[in-house]
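Residue-level listing of the chains:
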Amino acid sequence: MDENDTGSAPYRTHRTSGGAIVVTLRGEIDVVAAPALAARLDALTSRPHPDLVLDLRPVDFIDCSGLGVLCRARNRARDQHGRLRLVTDNSRFLRLLRCTGLTDVFEVRSRLPEEPAGPVAAAAG
């Protein structure tokens, strides 16, 4: 079930997977989409010990404002003694992380953590 399946929302779904909140992003994460995404990630990283996974595989483009949102979410998760992981296999995005010196800042994986055994649950939001 897609909780936010509108053209303006940069995220499509979020669900619990292996104990983590998985947020699947899509489209362009740019100066237009960044404020809505930042607000959602701020809410998800405000809880103690957040375990957040951002699935970036459907993302077509990300600019510096999008990178800023990712950095902010990572810092907020760490401040709450949690973690933030990125899922991508996009060579352009991985190159962008290298060029900006962010390769060692993020925990990047090519696939999602273990999928839940039960049905997908949408988080309140």
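Above this note sits the structure.
In this text, all values refer to a predicted model and were calculated from it rather than measured experimentally. (Residues numbered from 1 in each chain as written. Predicted model: local features only at pLDDT ≥ 70, side-chain atom pairs only at ≥ 80, totals over all residues. Heavy atoms only, no water.)

> Would you mind going over the pairing of strand β6 (residues 83–87) with me for this structure?
Taken residue by residue, a regular strand's side chains alternate between the two faces of the sheet. Counted residue by residue, β6 has four buried out of five residues, so it is predominantly covered. Bridge count between strand β4 (residues 51–55) and β6: five bridges; the pairing is parallel. Within β6, the position partnered with Asp-51 by the bridge is Arg-83. Across three bridges, the pairing between β6 and strand β7 (residues 107–109) is parallel. Across the sheet, residue Val-87 finds its bridge partner in β7, namely Arg-109. Note that the unit made of β6, helix α3 (residues 91–99) and β7 has a crossover that is right-handed. (Buried < 20%, exposed > 50% of the residue type's maximum accessible area, 1.4 Å probe, protein only. Helix = DSSP H or I, 4+ residues; strand = E, 2+ residues; numbered from the N terminus. Pairing = 2+ DSSP bridges. Right-handed = clockwise from strand over helix to strand, strands pointing away.)

> Would you explain unusual backbone geometry in this entry?
Note on backbone geometry: most residues besides glycine have negative phi, and most peptide bonds are trans. Of note, the phi angle at His-49 is positive, near 55°, even though the residue is not glycine. Assignment of secondary structure puts His-49 in the loop between α1 (34–44) and β4. For His-49, a relative accessible area of 57% puts it in the exposed group. With a phi angle near 60°, His-81 is a residue other than glycine that sits in the positive phi range. Assignment of secondary structure puts His-81 in the loop between α2 (64–79) and β6.

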